[in-house]
Amino acid sequence: VSGDPVYWPKIRIRSTDGEGQPSWGFSGKNLGLFLLLLLLGSLIVSFYLNQASHMATAGLEVVHLIEQRERWRQDNADLRKQVAEMQSLSNIRRRAELLGFVEREGIEHLFIASPALEPLYQGMPDSIPVEDKDTVEPRPMSSGLARWWEELIARFDSWMNIQP
Amino acid sequence: MAQPEWPGPGSKRRLMVLWMGTVVGVLILTGRLFYWQVIRHKDLKALGDQWQFVDKPIPALRGSIMDQRGFILAMDQYEFEIYATPRDIDDPDRLAAELGSLLDMDQGELAELLSQRNRDYVPLAREVPLEEARNVEEMGNRLHVAALGMDVDRHRVYLERELACHLLGFATGDNEVFYGVEEFYDDELRGIDGSWAGTGDVIGLQIGIGPTKVTLPQDGRDVVLTIDRTIQHIAAEELQRGIAEYGGESGTVIVMQPGTGAVLAMASYPGYDANLYHEEATRGEPFTDPAISETYEPGSVFKVITMAAALDSGIVDRQSFYNDTGQIAVGGTIIQNWDRKAYGPTSMTQLLKYSLNVGASTLSTNMGEATFYDYVQRFGFGEVTGIDLPYESPGILRLPGEGDWHESDLGTNAFGQGISVTPLQMIGAVAAVANDGVLPTPYVVQRIEQGGQVIKEFHPQPVRQAISASVARELTEMLVETLVGKENLSIPGYTVAGKTGTAQIPVPGGYHPEDTIASFVGYAPADAPRFIILVRVDKPRESPWGSVVAVPVFRRIAQRLFVYLDIPPDEVRMASR
């Protein structure tokens, strides 16, 4: 071809055979270069695909986790509502009535004078060996305190007796 | 053999034309591509996004409203809308049978909906609770049905139904709020919706390909009230009982801690189930809280304020007497006692006990306009109390110098006529007497929480010292004395201070001949008040008097509060001091 710009684009193939036709014969060097480029390209593409698939998987996992989170939020809200309904005033009243409870009408206060100024309960002595702790009896209450306690119980008993 | 010349003669030009045509064609195509891809890039991308991407909101839950003990009064729950894409359904009858039992719907109706293959989207059920929605989802997975989908939404639930409905207000499904705590604390309660933005199909349903952007929702904050739901229940129950007993039309009860202004209960009758607000809306009733928005003439309860002003200004003391002639002229208006009688020499305590209009007017006229109205304003009348609720009315207080004030107002205002107040203003003013003269700011919310963490806390805010502490205590003792011997107010073991009121209802040209507003404001234990209660019953038919209608309601509430709040009788309290 005589290089007429009308017939051929300005792309020239370096290797031509003797008749001016393009030749696709590659030298060993070119083939090696081509294979190297192919390998490099494959590596880059596989790396890209690997990363892309990792990202897609991670993204999908995130979406699933978010969906899971939303479900838990929904379950949590539902449980909270169930608890609130169980604790509602009407529900508590109904259940209390079923159990035979009635609303208290009053509180009767028993006025109790303080006992004599001595320790209410003297308890265990401080230095009890550990192995003896189960067997040691508490010290008896003082006589004043015992009297106060008896009086208190007697008052309570008499109050109980006058209840309908 | 000689090859013919190629290209042949004449072909050169044709080839040139073809080549030029190709170049022009390529240029035109490149130009068009540039136009569509570069110049129209933005709007075409937006159009594409509009078709391809769906942005579905993920609803945030509105915060809960809880009483002071943490019991939930209002909360959000999720609900679902279930839909189907009939073109993807192979066996509509089988799916209808499965769905019918799960959603409690008619199978035939469902089968008909699911068979509409010409429709892309068919809504099947709305307001489906979570459990049912989960069952439908599980069924879809089990049968490998991809044609079912669901949208999530939120729904407000008022667990105690009518309880405190006016105080709470309500929020609709669209998060529109109407009065009450819901409206006042809307900014705290309202969450921030999240969104799911990703690729969708032709009918806008999400599909799991392409980039997805998820913005998580942020739930609203919880509001903890000063209200105790048990006290609220007691107040509402006793108010309703009182209205039923005495044939009242409506009424209000407020229970407050006088020392802090914390409102423990605020009940008005009639109420409505806040879950069914739309039914109330169709009845045309305005959504207002009568306790803070509706005004009335307080009547004789206002004599507490007049007496407080008289004692604090020093024009009288507890031992003072005046001569009750049965009538007094103020500004050309003759004022008479409620029973038209003259009581002669009368002490200040007797003035309160017998609720004498002439005595109250005598005190106000002796104080003079400036002093009397100064005290009225010190007690917070004519201005809003500042409670954390919307649409509070300041009441109507005409002041000297203003066009509509008349000299006779000085006399009538002294016994609660010609002045309009809200129930909250009235209880707040009497609470000042119970609180050593300090006017408290009423409030209904004690803190805001998020995930159990306290975000904001509200503390009592005293407004001002309306009267001195000594006068307040003296007046309390007088109020206790006035109630001695009132059998329907007797609560054994406890002293109560308070004042009844029977107010006429203004109508054009005067007052209604029969209708009244019966009220009582009282606090207990008188020496160290734990609560103050205002009872107001409108238009009672059985009796017009506050002492007959409102006092029993007060007594029953107070008796139950002594038990509930574990308040020992005076004797026990005094002995243990």
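First, a word on what this report is: a plain description of the structure on this page. (Residues numbered from 1 in each chain as written. Chains lettered and ligands numbered in written order. Predicted model: local features only at pLDDT ≥ 70, side-chain atom pairs only at ≥ 80, totals over all residues. Heavy atoms only, no water.)

### What about the environment of B:K341?
All names here are of chain B. Within the element layout of this structure, K341 appears in the loop between strand 15 (333-336) and strand 16 (344-347). In the structure, K341 is positioned 14 residues away from Q327 in sequence and 8.4 Å away in space, judged by C-alpha atoms. Look past the residues within four positions of K341 in its chain and what remains in contact with it is D324 and G326. (Helix = DSSP H or I, 4+ residues; strand = E, 2+ residues; numbered from the N terminus. Contact = heavy atoms within 4.5 Å.)

### What to know about the interface of chain A and chain B
At the junction of the two partners, chain A supplies 30 residues and chain B supplies 44 residues. Where chain A abuts chain B, roughly 3200 Å² becomes buried across the two surfaces, and 60% of that area is made up of carbon and sulfur atoms. Linking chain A with chain B are 5 salt bridges. Across the salt bridge formed by B:R134 and A:D75, the nearest N and O atoms sit 3.1 Å from each other. Connecting chain A to chain B are 12 residue pairs in polar contact (both at pLDDT 80 or more). Of all the elements in the fold, those that place two or more residues in the side of chain A that touches chain B are helix 1 (28-86) and helix 2 (89-98) of chain A. Among the elements that make up the side of chain A that touches chain B, the one with the highest residue count is helix 1 of chain A (14 residues). Here the side of chain A that touches chain B is built from residues that sort into 10 nonpolar, 6 polar and 14 charged. (Buried area = accessible area lost by both parts, 1.4 Å probe. Salt bridge = Lys/Arg side-chain N within 4 Å of Asp/Glu carboxyl O. Polar contact = N/O pair within 3.5 Å; in protein donor to acceptor, adjacent residues only side chain to side chain. Nonpolar A, V, L, I, M, F, W, Y, C, P; charged D, E, K, R; others polar.)

### Description of the nonpolar core
Residues and elements named next belong to chain B. Core analysis: the largest hydrophobic core is formed by 95 residues, its most contacted members being V181, L225, M266, F379, M426 and L475. Sort the elements by how many residues they give to this core and helix 17 (residues 423-434) lands first, with 9 residues. With sequence-adjacent residues up to four places away left out, M426 is seen in contact with Y296, P298, V301, F302, I305, F381, V421, V521 and L534. The next biggest cluster of nonpolar side chains, apart from the first, holds 34 residues, and it includes I231, I533, V553 and I557. (Core = buried A, V, L, I, M, F, W, Y, C linked by side-chain atoms within 4.5 Å. Buried < 20%, exposed > 50% of the residue type's maximum accessible area, 1.4 Å probe, protein only.)

### Details of the sheet that holds strand 21 (residues 497-507) of chain B
All names here are of chain B. Here we have 5 strands laid out as an open sheet, ordered 12-11-23-22-21, and antiparallel in their pairing. The sheet terminates laterally at strand 12 (263-269) and strand 21, the two strands that pair on one side only. When strand polarity is set aside, the average angle formed by the axes of neighbouring strands in this sheet is 10 degrees. In this sheet, strand 23 (residues 531-538) lies alongside strand 22 (residues 510-524) in antiparallel orientation, the contact comprising 8 bridges. Bridge assignment links V521 to a residue of strand 23, and that residue is L534. (Pairing = 2+ DSSP bridges. Axes fitted to C-alpha atoms, helices over the stretch in contact; angles between N-to-C directions.)

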